[in-house]
Amino acid sequence: TSPQPGPAALPLDLPGYAHVYSGKVRDLYAPLDPSGAPRDDQLLLVASDRLSAFDFILGTPIPDKGAVLTQLSLWWFEQLEDLVPNHVVSTEVPAEVAGRAVLVRRLEMLPVECVARAYLTGGGLREYVADGHVSGVRLPDGLVDGSRLPEPVFTPSTKAPVGEHDQPMSYAEVVAAVGERTAQRASDLTTRILARGNEIAAERGILIADTKVEFGIDGDDLVLADEVLTPDSSRFWPADQWEPGHTQPSFDKEFVREWLTSPASGWDKASGEAPPPLPDDVLERTRAKYVEAYERLTGRTFSS
Ligand code: ATP
Ligand code: MG
């Protein structure tokens, strides 16, 4: 199934910038230099309000989602500054995209989705059930859906083009793609980012089960890029409801998934057809969850 572009997928007409790429959620623009040519050293990263669920980009955007993700990433970049350099150049951006865009260093991205897991669920659980390993790492016996792992495990995957699924990568495949030294640093940084994230989130009643980060190369530096420790890139679980043995309530897309799979939506996940538009109360409750995650983690009040 191919993600269906939502209504907000069209690039904006931003004077002084040229559209270069749109991912599932973000639109990338290159700033134009005084001669009108696109600069190759910077990007304007604009987070849209698009939401993907069950591998579809939903037709209904979630108001303020792009701003919440951008502000949350900026906050985390700061918290993690002593651990890893990041791509942020400036938050001074055109008024049309204020709050949901950042100017960043344009990096050569590693062709790897750097995933780390602190708790077992999803694809990691499926691998474990099959043979007791996750990404080649042997785990203790007796773990169940939602179990905490002895320590975060690096479980990288491929960066699939839009519309295709990311595939698990072995550590040897990462080494083959980026070299031993970079693979080692990426693995180390990814698990440390998740561990540090969990130390901070635990004080705010949130568990970060797993997360995906992306690194770029700048000279000899491995630089944290894209977004970091957001509800889109991570599984956030309310700590007070954590109970291994079944699927945990997720912080953000709970209402969307619940409604889409309920009879009320009239949608059949197996049909391959795009999901119907979300009703207003599902939209509003989902928006509120994104805002709540931001406010709980940062201790700040979100203002759109
Ligand atoms: P993909 O783009 O691979 O389909 P996605 O749909 O999750 O993944 P988005 O988050 O919507 O992607 O778009 C962000 C894109 O920008 C990603 O391709 C990411 O690799 C890229 N990116 C993020 N930060 C930088 C950076 N500093 N330099 C270059 N590219 C970046
Ligand atoms: Mg992304």
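Before reading further, recall that the structure is shown in the block above.
Values in this document were obtained by computation on a predicted structure and should not be read as measured data.

A. Structural context of the overall build of the protein chain. Each helix and strand in the protein chain was counted, giving six helices and 16 strands. On C-alpha atoms alone, the protein chain measures out to a radius of gyration of 19 Å, which is about the 19 Å that the 2.2 N^0.38 rule sets for 304 residues. Along the longest, intermediate and shortest principal axes, the C-alpha atoms of the protein chain span 65 × 50 × 40 Å. Here the protein chain, with 304 residues, has 49% of them falling under the buried criterion. Sequence-distant contacts in the protein chain: of pairs separated by 6 or more residues, those separated by 24 or more amount to 63%. Accessible surface for the protein chain amounts to roughly 14100 Å². Of this, 49% is attributable to carbon and sulfur atoms. Looking at the protein chain, you have 28 positive and 47 negative side-chain charges, and the mean spots of the two groups are 2 Å apart.

B. Geometry of unusual backbone geometry. For Asp 55, which is not glycine, the phi dihedral falls at a positive 70°. Turning to its location among the elements, Asp 55 is positioned in the loop between strand 4 (52-53) and strand 5 (56-57). Looking at Asp 55, the relative accessible area reads 40%, which means it is partly exposed. One non-glycine residue, Asp 226, adopts positive backbone phi at about 55°. Mapping Asp 226 onto the fold places it in the loop between strand 15 (221-225) and strand 16 (234-238). Residue Asp 226 is classed as buried on the basis of its relative accessible area of 18%.

C. Representation of the nonpolar core in the model. Among the nonpolar cores identified, the biggest contains 59 residues, and Trp 76, Leu 80, Ile 193, Phe 215, Leu 224, Val 228 and Leu 278 are the most heavily contacted of them. Excluding its chain neighbours within four sequence positions, the residues that come into contact with Leu 80 are Ile 193, Arg 196, Leu 224, Val 228 and Leu 229.

D. A look at the site of ligand 1. Close to ligand 1 lie 18 residues, the nearest being Tyr 21, Lys 24, Val 25, Arg 26 and Glu 214. A distance of 3.0 Å is found between an oxygen atom of ligand 1 and a side-chain nitrogen or oxygen belonging to Lys 159. Within the side chain of Glu 214, one N or O atom sits 2.5 Å away from an oxygen atom of ligand 1. Here ligand 1, which alone exposes 610 Å², has 91% of that area covered by the protein. Counting only elements with at least two residues in the shell around ligand 1, the list comes to strand 2 (26-31) and strand 7 (101-105). Looking at the shell around ligand 1 residue by residue, the classes come out as nine nonpolar, two polar and seven charged.

E. Summary view of the packing of aromatic side chains. Per the stated rule, a full pass over the model turns up six aromatic pairs. Taking 5.9 Å as the distance between ring centres and 85° as the angle between the ring planes, the aromatic pair formed by Phe 56 and Trp 267 counts as edge-to-face. Taken together, the residues Phe 56 in strand 5 and Trp 267 in the loop between helix 5 (254-261) and helix 6 (280-298) connect sequence positions 211 residues apart. This pair shows no difference in class: Phe 56 is buried, exactly as Trp 267 is. Ring centres 4.9 Å apart and planes at 70° place the aromatic pair Trp 75 and Trp 76 in the edge-to-face group. The same class applies to Trp 75 as to Trp 76, namely buried. If you follow Arg 285 out to its NZ or CZ, it ends over the ring of Phe 255, 4.2 Å from the centre.

F. Highlighting the pattern of salt bridges. Scanning all chains against the criterion turns up 19 salt bridges. Across the pair Asp 232 and Lys 65 runs a salt bridge whose closest N-O atoms are separated by 2.7 Å. You can see Asp 232 sitting in the loop between strand 15 and strand 16 and its partner Lys 65 sitting in helix 1 (residues 65-79), a full 167 residues away along the chain. With relative accessibility at 23%, the residue Asp 232 sits in the partly exposed group. Of the charged contacts in the structure, one is a salt bridge between Arg 235 and Asp 210, with a shortest N-O distance of 2.7 Å. Residue Arg 235 is found in strand 16, and its partner Asp 210 is found in strand 14 (residues 206-218); the two are separated by 25 residues along the sequence. We classify Arg 235 as partly exposed; its relative accessible area is 35%. A relative accessible area of 5% places Asp 210 in the buried class. One network of salt bridges, with partners in common, ties together Glu 113, Lys 159, Lys 212, Glu 214 and Asp 226.

Thresholds, definitions, all that
- Residues numbered from 1 in each chain as written.
- Chains lettered and ligands numbered in written order.
- Predicted model: local features only at pLDDT ≥ 70, side-chain atom pairs only at ≥ 80, totals over all residues.
- Heavy atoms only, no water.
- Helix = DSSP H or I, 4+ residues; strand = E, 2+ residues; numbered from the N terminus.
- Rg over C-alpha atoms; globule rule 2.2 N^0.38 Å.
- Buried < 20%, exposed > 50% of the residue type's maximum accessible area, 1.4 Å probe, protein only.
- Contact = heavy atoms within 4.5 Å.
- Areas by Shrake-Rupley, 256 points an atom, 1.4 Å probe, with all protein chains shown as cover.
- Lys, Arg positive; Asp, Glu negative; His and termini not counted.
- Charge placed at Lys NZ, Arg CZ, Asp CG, Glu CD.
- Core = buried A, V, L, I, M, F, W, Y, C linked by side-chain atoms within 4.5 Å.
- Near = heavy atom within 4 Å.
- Polar contact = N/O pair within 3.5 Å; in protein donor to acceptor, adjacent residues only side chain to side chain.
- Nonpolar A, V, L, I, M, F, W, Y, C, P; charged D, E, K, R; others polar.
- Phe/Tyr/Trp six-rings, centres within 6.5 Å; stacked < 30°, edge-to-face > 60°.
- Lys NZ or Arg CZ within 6 Å of the ring centre and 35° of its normal.
- Salt bridge = Lys/Arg side-chain N within 4 Å of Asp/Glu carboxyl O.

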